[in-house]
Amino acid sequence: MSLVQRLQRLHAEGHARDVEGLRDDAHFAPDTLRPAAVLAAITERHDRPGFLLIHRPSNMRSHPGQVAFPGGKIDPGETPVEAALREAYEEMGIHERNVTVIGTSDTYRTGSGYAITPVLAVVPPDIEINPSPTEVAAWFEAPVDFVFDPANHTQNSATYLGQERRYIEIMWQQHRIWGVTAAIINNLSKRIAWHD
């Protein structure tokens, strides 16, 4: 069974059942949310498939230096899938023709006012990446089996605007994956039974 076939089956099965403990920042989110989408692209490696992730430039206005999936705001008339594919091309030079979309997952509402739809997809193992220097400081691949393993999800908390906020942190090599990106990975890991 190919990775695409496996993920199609796991995605369908995982989204056909109720899942407890999905993370969301709706409690901290404003009433009006701006729709956004991210491309959670997995490389089709036979030995160890990995998620493609980026570091935001340190001079960006929002989330500087943080690890993220490529993505951004959904333009009027766009679907989440179209927005995620467009953003992945603008940020990383990933052509739509090289992306096999598996499907969307649970929308994540953020305290900063976004409703983010993750779009799960598969890309070739050695896809050519041409990152935009204004949007991407660096990119890396984090193995799916590692980031999906709950043993690698460290629970932390911090005070933000006078309220305690709990968040997950995943350390892969020197990369600190936390906040919204780690929460989306955590939710996906509950939907996609990767280790079964």
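The structure we're discussing is the one just above.
The notes below deal with the structure included here. The residue count restarts for each chain, going from 1 along the sequence in the order it is written. Local features in a predicted model are, by the rule used here, given only for residues with pLDDT of at least 70; side-chain atom pairs are given and counted only at 80 or more, and totals for whole chains, interfaces and linings are based on all residues. The side-chain values count all of the structure's non-hydrogen atoms but skip hydrogen atoms and water molecules.

Details of the packing of aromatic side chains
Step number 1: Planes of paired rings set the category: under 30 degrees apart is stacked, over 60 is edge-to-face and the rest tilted, where pairs are Phe, Tyr or Trp rings (Trp by its six-membered ring) whose centres lie within 6.5 Å. Tallied over the full model, the rule gives 5 aromatic pairs.
Step number 2: Ring centres of Phe51 and Phe148 lie 5.6 Å apart, and the angle between their planes is 65°; on these two criteria the pair is classed as edge-to-face. Of this pair, Phe51 sits in strand 2 (residues 50–55) while Phe148 sits in the loop between helix 3 (144–147) and strand 9 (154–160), and the two are 97 residues apart along the sequence. Here Phe51 matches Phe148 in class, with each residue buried.
Step number 3: An aromatic cluster of at least three residues, connected via ring pairs, comprises Phe51, Phe69, Phe148 and Trp194.
Step number 4: A positively charged side chain is recorded as over a ring if its NZ (Lys) or CZ (Arg) lies within 6 Å of the ring centre. The angle to the ring normal must also be within 35 degrees. The side chain of Arg6 reaches across the aromatic face of Trp194, ending 4.1 Å from its centre. A run of H or I in DSSP becomes a helix once it reaches four residues, and a run of E becomes a strand once it reaches two; helices and strands are each numbered from the N terminus. Each residue is assigned to one of three classes by its accessible area relative to the maximum for its type, calculated with a 1.4 Å probe on protein chains only: buried under 20%, partly exposed between the two thresholds, exposed over 50%.

Considerations on the pattern of salt bridges
Between side chains of opposite charge, pairing is possible as soon as their charged atoms come close.
Step number 1: A pairing counts as a salt bridge when a side-chain nitrogen of Lys or Arg comes within 4 Å of a carboxyl oxygen of Asp or Glu. In the structure shown here, the tally under the stated rule is 13 salt bridges.
Step number 2: Between Arg86 and Glu78 there is a salt bridge, with the nearest N and O atoms lying 2.6 Å from each other.
Step number 3: The salt bridge involving Arg86 is made with Glu90; its shortest N-O contact spans 3.3 Å. Placement of the pair is Arg86 and Glu90 together in helix 2 (residues 80–92), with a separation of 4 residues, close to one helical turn.

Description of helix 4 (residues 179–191)
The periodicity of an α-helix, 3.6 residues per turn, causes residues three or four places apart in sequence to face the same way.
Step number 1: Multiplying 1.5 Å by the helix residue count minus one yields the expected span of that helix. Spanning 13 residues, helix 4 covers 19 Å between terminal C-alpha atoms, matching the ideal 18 Å at 1.5 Å per step.
Step number 2: Taken as a whole, helix 4 has its buried residues at Gly179, Thr181, Ala182, Ala183, Ile184, Ile185, Asn186, Asn187, Leu188, Ser189 and Arg191.

What about the nonpolar core?
In summary, soluble globular proteins display a tendency toward joint burial of nonpolar side chains.
Step number 1: Side-chain atoms within 4.5 Å are what join buried Ala, Val, Leu, Ile, Met, Phe, Trp, Tyr and Cys residues into a set we call a nonpolar core. With 35 residues, the main nonpolar core has Leu7, Phe51, Val147, Phe148 and Ile177 as its most contacted residues.
Step number 2: Elements represented by at least two residues in this core include exactly helix 1 (3–15), strand 1 (34–43), strand 2, strand 7 (114–123), strand 8 (138–143), helix 3, strand 10 (163–172) and helix 4.
Step number 3: Take this core: its biggest share by element is 5 residues, from helix 4.
Step number 4: For this analysis, residues touch if any pair of their heavy atoms sits within 4.5 Å. Discounting chain neighbours no more than four positions away, the residues touching Leu7 are Ile42, Ile102, Leu120, Val122, Ile192 and Trp194.

Quick look at the side chain of Thr110
Step number 1: Structurally, the position occupied by Thr110 is in the loop between strand 6 (108–109) and strand 7.
Step number 2: Only 3.0 Å separates the side chain of Thr110 from the side chain of Ser112, close enough to count as a polar contact.
Step number 3: If we skip the residues at most four places from it in the chain, Thr110 touches Asp25, Ala29, Pro30, Leu33, Ile116 and Val180. Distance and chemistry together define a polar contact, namely a pair of N or O atoms within 3.5 Å, with one atom able to donate a hydrogen and the other to accept it when in protein, and with adjacent residues in sequence counting only for side-chain atoms on both sides.

Points about the environment of Leu33
Step number 1: When you line up the elements, Leu33 lands in the loop between helix 1 and strand 1.
Step number 2: A relative accessible area of 25% means that Leu33 is categorised as partly exposed.
Step number 3: With 82 residues separating them in the primary sequence, Leu33 and Ala115 have C-alpha atoms 5.8 Å apart.
Step number 4: Sequence-distant contacts of Leu33, that is, excluding residues within four places in its chain, are made with Arg109, Thr110, Gly113, Tyr114 and Ala115.

Some words on the pairing of strand 11 (residues 175–178)
Step number 1: Only one face of strand 11 is covered, namely the one carrying His175 and Ile177; the face carrying Arg176 and Trp178 has none of its residues buried.
Step number 2: Here, a strand pair is defined by DSSP locating no fewer than two bridges between the strands. Examined bridge by bridge, strand 10 and strand 11 share 4 bridges and lie antiparallel to one another. Bridge pairing in strand 11 places Ile170 opposite Ile177.
Step number 3: In textbook terms, the turn of a hairpin is the stretch between consecutive antiparallel strands, and for strand 10 and strand 11 this stretch comprises 2 residues, one of which, Gln173, has a positive phi near 55°.

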